[in-house]
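A structural walkthrough
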Amino acid sequence: MAVPKRRTSKTRKNKRRASAYRLNKSTYVECPNCHEPMLPHRVCPSCGYHKGKEVLELN
Ligand SMILES: [Zn+2]
């Protein structure tokens, strides 16, 4: 059976934790049309605008 030659350092272990934390973090950008927080690279859910024109009818 394979045995680790060196123990994992605190820094290396903590970096592993940090990378998992980053995956769960959600990011937001402000909509240029209605200034609502929205997910990047997606159509704005509050005004239906994307890349300067309306792509969704919201009523
Ligand atoms: Zn918007």
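Structure: above.
Heads up: these notes are all about the structure in this document. Owing to the predicted nature of the structure, the values given are computational and were not obtained by experimental measurement.

1. A look at the overall build of the protein
- Scanning the protein from N- to C-terminus turns up one helix and four strands.
- Counting all 59 residues of the protein, 10% fall into the buried class.
- Considering only residue pairs separated by 6 or more positions, the protein has 0% of its internal contacts joining residues 24 or more positions apart.
- Approximately 6000 Å² of the protein is accessible, and the part contributed by carbon and sulfur atoms is 52%.

2. Details of the coordination of the zinc ion
- Binding of the zinc ion to the protein goes through Cys31 (SG), Cys34 (SG), Cys44 (SG) and Cys47 (SG), at separations of 2.2 to 2.3 Å.
- Coordination geometry of the zinc ion: the four donor atoms subtend angles of 105 to 114° at the metal centre, consistent with an arrangement described as tetrahedral.
- All donors of the zinc ion belong to a single chain; written as a sequence motif, their spacing is C-x2-C-x9-C-x2-C. Of this pair, Cys34 sits in the loop between strand S1 (29-30) and strand S2 (37-38) while Cys47 sits in the loop between S2 and strand S3 (49-50), placing them 13 residues apart in sequence.
- Of the residues examined, Cys34 reaches a relative accessible area of 27% and is grouped as partly exposed.

3. Brief notes about unusual backbone geometry
- One non-glycine residue, His35, adopts positive backbone phi at about 60°.
- In this fold, His35 is placed in the loop between S1 and S2.
- The phi angle at His41 is positive, at roughly 65°, despite the residue not being glycine.
- Classification of His41 as exposed rests on a relative accessible area of 76%.

4. Details of the environment of Met38
- Locating Met38 in the fold gives a position in strand S2.
- Sequence-distant contacts of Met38, that is, excluding residues within four places in its chain, are made with Thr27, Tyr28, Val29, Cys31, Pro32, Cys44 and Pro45.

Parameters at a glance
Residues numbered from 1 in each chain as written. Predicted model: local features only at pLDDT ≥ 70, side-chain atom pairs only at ≥ 80, totals over all residues. Heavy atoms only, no water. Helix = DSSP H or I, 4+ residues; strand = E, 2+ residues; numbered from the N terminus. Buried < 20%, exposed > 50% of the residue type's maximum accessible area, 1.4 Å probe, protein only. Contact = heavy atoms within 4.5 Å. Areas by Shrake-Rupley, 256 points an atom, 1.4 Å probe, with all protein chains shown as cover. Donors = N, O, S within 2.8 Å, 3.2 Å for Na, K, Ca; no water. Tetrahedral: all angles 85-135°; square planar, octahedral: opposite > 155°, others 65-115°.

That's the geometry; what it means functionally is another story.
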